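Per-entry structural report
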Amino acid sequence: MYQPMIVGLTGNIATGKSTVLAYLRHKGAHILDADQLAHVALAAGGPAYAAVVAAFGDSIVAEDGQIDRRGLGRIVFADEEALRRLEALVHPVVFQLAQTELANTTAPVVIIEAIKLLESGRLLTLCDEIWVVTADPAVQMERLLHQRGMTTAEAHQRMAAQSPQREKLRHATRVIENNGAEAALYAQLEVIWSELLAKQTM
């Protein structure tokens, strides 16, 4: 039975995971985006929609019937208990959607990208390796302010809501540092990708 190499990719907000994913997709990896699966789960009629609306109230529903993800984010990122309740509803659904997607790919390498990979538990059990993308906090803040248009308060809140990078590093098979130029990042990734393919053929 065909079995791809499954890599879990994580890292805190604004560490540059999307750049890493674009590189790996170009190399031929299948990208399984847990955040995108969460979008599917929370979409109107999606498998987690009714439970989340019941838990957080009709105020999180926009005029078009979809969940206002930004509004929901303001609630859960300001309340640790609310965030845990949301994750308890969404993570199991995302895991089920991920299993379905994995069963339908023939790529040699699958990258599961999830900012909450280590915390979600279930997705972690699917992974052969864990890659953690890191960046200095000052670099993260700069990216949130200038690339994502967040206020300083929003950026601090989002960064504080995540587990410390050092906690993620404890679980890492490989660490990808992304503080500088893209060329330096790509050089790291070229080495890692070559090692991964060599490992797969052993």
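The notes below deal with the structure included here.

The rules we used
- Residues numbered from 1 in each chain as written.
- Predicted model: local features only at pLDDT ≥ 70, side-chain atom pairs only at ≥ 80, totals over all residues.
- Heavy atoms only, no water.
- Pairing = 2+ DSSP bridges.
- Helix = DSSP H or I, 4+ residues; strand = E, 2+ residues; numbered from the N terminus.
- Axes fitted to C-alpha atoms, helices over the stretch in contact; angles between N-to-C directions.
- Core = buried A, V, L, I, M, F, W, Y, C linked by side-chain atoms within 4.5 Å.
- Buried < 20%, exposed > 50% of the residue type's maximum accessible area, 1.4 Å probe, protein only.
- Contact = heavy atoms within 4.5 Å.

A look at the sheet that holds strand β3 (residues 109-113)
One open sheet holds the five strands; their spatial order is β2-β3-β1-β4-β5, and the pairing between them is parallel. At either margin of the open sheet sits one strand with a lone partner, and together these are β2 (30-33) and β5 (174-177). Each neighbouring strand pair of the sheet contributes to a mean axis angle of 25 degrees, computed without reference to strand direction. Of the strand pairs in this sheet, strand β4 (residues 129-134) and β5 are connected by four bridges, and their pairing is parallel. Bridge pairing in β5 links V132 to V175.

Observations regarding the nonpolar core
Core analysis: the biggest nonpolar cluster contains 35 residues, and V52, F56, I67, L72, I112 and L123 have the highest contact counts within it. Contributions of two or more residues to this core are made by α2 (34-42), α3 (49-56), α4 (69-76), α5 (80-102), β3, α6 (117-120) and β4. Examining the composition of this core, we find that nine residues originate from one element, α5, more than from any other. Excluding residues within four positions of it along the chain, V52 makes contact with L42, G57, I60, I67, L72, L86, L89 and V90.

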